[in-house]
Amino acid sequence: MEDQQYRGSYIAGFELFEKSLNGESASPLHAVRREAIARFASVGFPTVRHEEWRFTNVAPIARTAFAPVLRYDGAGVTRQVLNRVGSADGDPFMVVFVNGFWSEEFSRSAGLPAGVRIESLASALARRDEVVLSRLGSLVAAGENGFTALNTAFLREGAVITVEDRVILERPIQVVFLSRPSAEPHASYPRVLVTAGRESRLSLIETYASVSEGVYFDDAVTEVVLGEGAVVEHDRLQIESTQAFHIATMAVRQERGSNFSSNAVSLGGAIARNTVTAVLAGEGCECTLNGLTLAAGTQLIDNHTVIDHAAPHCTSHELYKSILDGKSRGVFNGKIFVRAGAQKTDAKQTNKTILLSADATINTKPQLEIFADDVKCTHGATVGQLNEEQLFYLRARGIGEEEARDMLTFAFAADVVSRIHAAPFRDQLDRLLRARLQAGRIATES
Amino acid sequence: MLTVRNLHAGIDGNEILRGIDLEVNAGEVHAIMGPNGSGKSTLAGVLAGRPEYQVSAGEVTYEGKNLLDLAPEERAREGLFLAFQYPVEIPGVSNTYFLKAALNAIRKHRGEEELDAMEFLALMKKKMGLVEMDQDLLNRPVNEGFSGGEKKRNEIFQMAVLDPKLAVLDETDSGLDIDALRIVAAGVNKLRRPENAVILVTHYQRLLNYIIPDFVHVLIDGRIAKSGGKELALALEERGYDWIKEQGLPVGA
Ligand SMILES: Nc1ncnc2c1ncn2[C@@H]1O[C@H](COP(=O)(O)OP(=O)(O)O)[C@@H](O)[C@H]1O
Ligand SMILES: [Mg+2]
C-alpha cells in the first residue's frame, strides 16, 4: 500500500473499533486513544531513516491491511496448542488471550494468594480503576513511535498483574498471547501492566505464539514497575508464525535495591522487533537482560535494548545470543546510559552470534553514553561459525557431523536457556529448541 | 590391522609427512618418538581424519578398508580412537551426554542395541574406577575448566568406555605427574589384548617404563628415521636424537 493508504486503513479500523466500544467511548481514556490514532496518522511507521530502525525495514507491515479484532473467539484453541508453545500444564497461573482478547475458558488463577491480582485490563478500565489508569502508559509513551501509538489507540484488553508490598508469589504467572490467523489478516494489541510492590517477588512468563502459520500483526506493549527491593524474574518466548509481524515494546522501571532479570527467546516472525528499556531509578538495583534468537529463511529478528543507569551503585548484565541460518538477519543494538551521578555503575554487555549459513547476517552495535567518571562498563561482540576444533573432537568420537553440529549449536543456545527462571518452562524450551535444530540447520517449525 | 605406505601429507601446500611407512598388527604396541615439530601429531591427525590436512600421496589401509576414504566419525565407529594431545573444551555439552551419544553411535554402527540411561550409567561407574575419574568431572561440560592432567585422564576414560580396536595416543603422558601417568598406563594396558593395537606417541621414554612397547619408531622431519625394539627408547633417552640425524636416513627413504 502507498504510504497514505496504509495509514488510512488503520484509521478506518479505528472507526470500527470505536463503534464496538459502545458507551465506553465517552471515557477519559478514549480521549487518549483518539490522540494516539491522530499521532499515528501523522507519524506513521518508522522508516530506515530513523536511527533506531536503520536495519529494520518495517515497510512490509505497511503493505498488508490488518483489521482490528472486535470480539473474542476461542475457536481452534486447545490445550494441546498451548502445550506446544511451552505452557506447562499445571504449575503456573495462566492468562490466555486469543487474538488479543482475554480467554475465560483457558485462563486460570484459582488459588492465587492474597495480595496478588491478575485482572483483565478491560475490566479494570470498566471499573475506571484510577491506579491502573495512572500507570498505563507511564513508562511507554504513546507518542514514542507509530507502533506504540497504535497500541495505545487500540487499547482495550490486556493483563494487569499486581503484587502488593512484601508479598512473595512462589508459582510463576504465565501470560499467553495466542494468535489465530485467518484469511483476513488481523492486528492485535497485547498490553501487560505489572506492578511489583515493595520487597515483593514475582516470576512472570510472557508467551507470544500462533495456533497455525499465517499473516497477522502483533503490536505489544509491556510495562513493569518494581518497587523498592522487589524481585521480578521474567521469561519470554516469542514463537509467532514465521509469516507474522511482531513488534514488542517493554519498559521497566526499578526503584532502589530492586532486581529485574529477563530471558527472552525469539524464534518466530517474518519481522520481529523487541525494544526493551530499563530505567534503574534507585540506588543498588540489578538488571539482567538475556536474549536468544534463532532465525532461518528470510526472518529478521531485532533486539534493541536500553539500560538507563540513573542512580549510583547499580549493576546491569546483558547477554544476547543469536543463531542465524538461511538468509535470516539479526540486529542487536545495546544502548547503555550512565547518567551524571550514577557512580559505581557496573555494566556488562555481551553479544554473540553464530552464522550457520553464508547468507545470514547480523548487525550488532553497542552504544555507550557515559556521563559519570567512576564506572565500569564493558561490552563485547563476537560473530563466527561453529568451532571446527570442537566439531572434529565430537566426530573423532563417532558422533556424526550433523549431530555434532546440532550439539554445538544447542550448547551455544543452552547458555541462555539454562538461565530461564521457571523450571517447567525451561524444560519445555529445552525440548522445543532441540527439535528446531535438525541436521545442522534451523527448522522454522517444530 | 593398519598399513601405512609412503604417506605424504601437509597443510596449505607445506609437506609435513614425507613418506611414512608403518605396519601395525593386532596385539602390538608401537611407540612413536621424535623431536618437537617432527610430524608426530600430524601423523596421528591424518589417521583420525583431521580435516585441515591434505594427503598428497600414499595409502593407509585399516582392517582391509581404505582409511583415507572414511569420515572421522566413520573411523571412530570402525574402532579407531585418537587421544588428543590438546583435548578441546566444549562448554554447554556435558561429558555424559557427549559420551553417551558417542558410544551409541558406535554401537549402532556395529549393529548393537543402544544403551539406555541406566545401562550407560552402570558402564560409566565401572570405567570411572579404572581411571579414578570423579563423578563431578563427568557432570561438567566436556573438558571445561579441567586441569591438564584431568583432560588427559578424560581422554583415557573415553577410550575405556568406547573400547577401540586401534588407539592412537598423542603425548597423553606429557605434563602428567607420576600418579596420573600410572593411571594412563593402566588404562592402556587394559586395552592391550590380542585383538587390539596401540600407537603411543610420546616425547619421553618415562611412559615406556609402564607400557612396554613391541616397536619403537623415531620420526624426524616427517620420515621414520629409525625403528627398533624397546631398547631404542633407552638409547634415545641417553643420547637424544642427533645421532640418528647424523646417521642419515635409511636407504630408499
Ligand atoms: N595445523 C597446522 N597448521 C600449520 N602448521 C602445522 C599444523 N600442524 C602442524 N604444523 C607444522 O607441521 C610440523 C609438525 O607439527 P606436529 O605434527 O604438530 O609435530 P609434533 O607433534 O611432532 O611436535 C610443525 O612444523 C608444525 O608447525
Ligand atoms: Mg605433537
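Residues numbered from 1 in each chain as written. Chains lettered and ligands numbered in written order. Predicted model: local features only at pLDDT ≥ 70, side-chain atom pairs only at ≥ 80, totals over all residues. Heavy atoms only, no water.

J.: Help me understand the site of ligand 1 in this model?
T.: All names here are of chain B. Around ligand 1 sit Ile 11, Ile 16, Pro 35, Asn 36, Gly 37, Ser 38, Gly 39, Lys 40, Ser 41, Thr 42 and Tyr 53, and that is every residue in its neighbourhood. In the environment of ligand 1, an oxygen atom lies 2.8 Å from a nitrogen or oxygen atom belonging to the backbone of Gly 37. Contact distances for ligand 1 include 2.9 Å between an oxygen atom and a backbone N or O atom of Ser 41. Its free accessible area being 550 Å², ligand 1 has 60% of it covered by the protein chains. Sort the elements by how many residues they give to the shell around ligand 1 and helix H1 (residues 40-48) lands first, with three residues. (Near = heavy atom within 4 Å. Polar contact = N/O pair within 3.5 Å; in protein donor to acceptor, adjacent residues only side chain to side chain. Areas by Shrake-Rupley, 256 points an atom, 1.4 Å probe, with all protein chains shown as cover. Helix = DSSP H or I, 4+ residues; strand = E, 2+ residues; numbered from the N terminus.)

J.: Even after reading the chapter, I still don't get the coordination of the magnesium ion (ligand 2), so can you show me in this structure?
T.: Octahedral metals with six donors have ideal donor angles of 90 or 180 degrees. Tetrahedral metals with four donors have an ideal donor angle of 109.5 degrees. Around the magnesium ion (ligand 2), the protein contributes the donor atoms Ser41(B) (OG) and Gln85(B) (OE1), at 2.1 to 2.3 Å from the metal centre. Remark: Gln85(B) occurs in the loop between strand E6 (80-83) and strand E7 (90-94) and Ser41(B) occurs in helix H1; sequence separation between them is 44 residues. (Donors = N, O, S within 2.8 Å, 3.2 Å for Na, K, Ca; no water.)

J.: How do you make sense of the interface of chain B and chain A when you look at a structure like this?
T.: Often, the extent of an interface is quoted as the loss of accessible area on bringing the components together. Taken together, the contact between chain B and chain A spans 32 residues of the former and 17 residues of the latter. For the pair chain B and chain A, the number of links is three salt bridges. One salt bridge connects Glu155(B) with Arg397(A), and the closest N-O pair in it is separated by 2.7 Å. The interface formed by chain B and chain A holds twelve residue pairs in polar contact (both at pLDDT 80 or more) in total. Tallying contributions element by element places helix H3 (residues 95-109) of chain B first for the side of chain B that touches chain A, with six residues. Each residue belonging to the side of chain B that touches chain A can be placed in one class, and the counts come to 22 nonpolar, four polar and six charged. (Contact = heavy atoms within 4.5 Å. Salt bridge = Lys/Arg side-chain N within 4 Å of Asp/Glu carboxyl O. Nonpolar A, V, L, I, M, F, W, Y, C, P; charged D, E, K, R; others polar.)

J.: I tried to follow the layout of surface pockets on my own but got confused; where do I start?
T.: Take a probe with the size of a water molecule and roll it over the atoms, and the empty space left behind shows itself. All names here are of chain A. The space that makes up the largest pocket amounts to roughly 470 Å³. Taken together, 26 residues line the largest pocket, and the ones lying closest to its centre are Glu 52, Glu 144, Asn 145, Thr 275 and Thr 277. The set of elements that each furnish at least two residues to the lining of the largest pocket consists of helix H2 (28-43), strand E12 (245-254), strand E14 (271-280) and strand E16 (300-309). Considering each element in turn, the lining of the largest pocket owes the most residues, five residues, to E12. (1 Å grid on protein atoms, 1.4 Å probe; cavity = no way out; pocket = protein on both sides within 12 Å on 5 of 7 lines; lining within 4 Å. Points joined across faces, edges and corners; volume = space filled by probe spheres on them.)

J.: Where do I start with the pattern of salt bridges in this structure?
T.: Side chains carrying opposite charge are able to pair once their charged atoms draw close together. With the rule as written, the count across this model stands at 38 salt bridges over all chains. Lys165(B) serves as the salt-bridge partner of Glu63(B), at 3.0 Å between the closest nitrogen and oxygen. Here the residue Glu63(B) occupies a position in the loop between strand E4 (54-62) and strand E5 (65-66), and Lys165(B) occupies one in the loop between helix H6 (148-162) and strand E9 (166-170), the gap between them amounting to 102 residues. The structure contains a network of salt bridges with shared partners spanning Arg117(A), Glu119(A), Arg127(A) and Asp129(A).

J.: Can you help me understand H3(B) in this one?
T.: An α-helical turn contains 3.6 residues, so any two residues separated by three or four positions project in the same direction. All names here are of chain B. Given a rise of 1.5 Å per residue, 15 residues ought to cover 21 Å, and the 21 Å separating the end C-alpha atoms of H3 matches this to within 8%. Buried within H3 are the following residues: Asn 95, Thr 96, Phe 98, Leu 99, Ala 101, Ala 102, Leu 103, Asn 104, Ala 105 and Ile 106. Looking one or two residues past H3, Gly 111 carries a phi angle of roughly 80°, positive in sign. (Expected span 1.5 Å × (residues − 1). Buried < 20%, exposed > 50% of the residue type's maximum accessible area, 1.4 Å probe, protein only.)

Interpretation note: all reported values are geometric properties and have no functional meaning in isolation.
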